[in-house]
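Structural features, examined
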Amino acid sequence: MSRGRERVVALVDMDCFFMQVEQRLDPQLRGRPCAVVQYTEWQGGGIIAVSYEARAFGVSRGMWASEARALCPELALARVPQARGKADLTRYRDASAEVMQVLSRFAAIERASIDEAYLDLTGTARDRLRALQGGPVPAALLPSTFVQGLPGDPGPESGGKEELRQRGLHEWLASLSFDNPDCPDLQLTMGAVIVEEIRVAVEEATGFRCSAGISHNKTLAKLACGLNKPNRQTLVSARFVPQLFSQLPVSSIRNLGGKLGTAITDILGVEYIGQLTQFSETELQTHFGDKTGSWLYDLCRGIEEEPVKNRYLPQSIGCSKNFPGRTALATQKAVQHWLLQLALELESRLNKDRSQNHRVARQLMVVIRQQGDTRVSRFCALSRYDAQKMCNDAFTLIQNCNAAGMQQAAWNCCSGKRLSALPNAACYVCSGGSSTNVLSEETSLPPLARYYSSPVCLHH
DNA sequence: CATTACGTATCC
DNA sequence: GGATACGTA
């Protein structure tokens, strides 16, 4: 078996998840152009999820509701609930847990975010192929599957997308020899059959639709998932990776959407991920470090070995609020007020987590953001789930940063290694052993500085 | 002013 | 231990 084709990995991603949660709650929103906003004072609120009907009008995430309405006057809006003066995402976290529970019936899952999870289906696919005993996989078992790269010749006068999908799928199935259960393409095909079943189960249990990618590793599965949204799944075989990568912008690969991706295109003068195959592993390591260089060398050939972790729960619990522009917190009282609101939310979520998941947070982190997006973080021990205490501790940590912040030049002190030299600064104590989770809280603060605030560490 | 509110991983 | 990067609703 060729390297990199050992596993069957799937990524399941909910379609405009927050929007679907709101549509399930309010049937009037279904099938319409709509969006989810948080807050409403500034420009009607910020859009964080958009139905596909609204996307057709050009509405997108990150827009202000006022801009979106200009593009789509009929746009219906749902609002994120508020509690303690801030956006409260509980509704979506709970919906996420419903989805994760269904996914967990089929395989160990790695929760990748609130609305997506990776599954390693290698063993399950192998079992199902064995049960098939060399028989064919009927196209009817893959009703929403696209095979990337097929049909090979779309033809001059092709019909709609569904017709193309079916032609591609039939070409694919016709190309497989079903007598060899070790054939990686056959394993992916069975993986896709299983994912069809998983997606039906998710919709049946939750009412939510999703898309999925099926391939040999996490990066390809993630990429595949995005190729035919919404409510469809895509199989990416190693067979078609060279063709797919030859015109795929570097930035469309997971982890390459930011600075690393920009560095790659700038330094190497390439546009597409496939062009990286021209460079030696050593060259890539020279520019991007040993680990990243080796990762890139394999990745541009469609190979990646990062395992699907068995992790169902989030590793940290946090909350944050920004205070942009003139809403910046100006007084000590205001800072304490908002820290307490954040700590109250944290306390509530921590208590729920402890009783449901039998683990305990041990570390509190406070993050402060200044103008220009400068962030400073500080840790301390979290010994009790007590909002007032967390608030006081966080404030103590923040005060030190704020004092330094008063003298502009001293800010570097705060973010540097001299932290422990600052008065009252050091209180981080990570409990030994199995301490794992970090819970965070974030806020924005006063005059010169804007602040985030804090996390915490959990153990089982 | 104002892309908010999360969450994870890696580097040094 | 803290900074930094990356990613998505």
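Residues numbered from 1 in each chain as written. Chains lettered and ligands numbered in written order. Predicted model: local features only at pLDDT ≥ 70, side-chain atom pairs only at ≥ 80, totals over all residues. Heavy atoms only, no water.

With that out of the way, let us pick up the nonpolar core. Ranked by internal contacts, the top residues of the largest apolar core, which has 56 residues, are Phe-17, Leu-103, Leu-121, Trp-172 and Leu-173. Residue contributions to this core peak at 10 residues, all from helix α7 (residues 184-206). Counting residues domain by domain, this core receives three or more from each of domain 1 (9-15 + 91-242) and domain 2 (17-83). Membership of the second largest hydrophobic core comes to 25 residues, among which are Leu-339, Ala-361, Leu-364 and Cys-380. (Core = buried A, V, L, I, M, F, W, Y, C linked by side-chain atoms within 4.5 Å. Buried < 20%, exposed > 50% of the residue type's maximum accessible area, 1.4 Å probe, protein only. Helix = DSSP H or I, 4+ residues; strand = E, 2+ residues; numbered from the N terminus. Domains from an automatic or database assignment.)

Burial within strand β2 (residues 34-38) is extensive, with four of its five residues counted as buried. By the bridge criterion, four bridges tie β2 to strand β4 (residues 76-79) in an arrangement that is parallel. What sits directly across from Val-36, in β4, is Ala-78. Of the pairings in the sheet, the one linking β2 to strand β3 (residues 46-50) comprises four bridges and is antiparallel in character. Counted as the bridge partner of Val-36 is Ala-49 from β3. (Pairing = 2+ DSSP bridges.)

Right, let's get into the domain arrangement of chain A. Taken as a whole, chain A is organised into domain 1 (9-15 + 91-242), domain 2 (17-83), domain 3 (252-300) and domain 4 (316-430). Across the boundary between the two partners, domain 1 contributes 16 residues, which contact 12 residues of domain 2. Between domain 1 and domain 2 the total buried area reaches about 1300 Å² when both faces are included, carbon and sulfur atoms providing 65% of it. Three residues stand out in domain 1 for area buried against domain 2, namely Arg-91, Tyr-92 and Phe-208, and they jointly supply 53% of the buried area on that side. At the boundary of domain 1 with domain 2, the tally comes to two salt bridges. Of the charged contacts in the structure, one is a salt bridge between Arg-91 and Glu-22, with a shortest N-O distance of 3.0 Å. Where domain 1 touches domain 2, the interface holds seven residue pairs in polar contact (both at pLDDT 80 or more). For the side of domain 1 that touches domain 2, the element with the highest residue contribution is helix α4 (residues 90-104), accounting for six residues. Broken down by class, the residue content of the side of domain 1 that touches domain 2 amounts to seven nonpolar, three polar and six charged. (Contact = heavy atoms within 4.5 Å. Buried area = accessible area lost by both parts, 1.4 Å probe. Salt bridge = Lys/Arg side-chain N within 4 Å of Asp/Glu carboxyl O. Polar contact = N/O pair within 3.5 Å; in protein donor to acceptor, adjacent residues only side chain to side chain. Nonpolar A, V, L, I, M, F, W, Y, C, P; charged D, E, K, R; others polar.)

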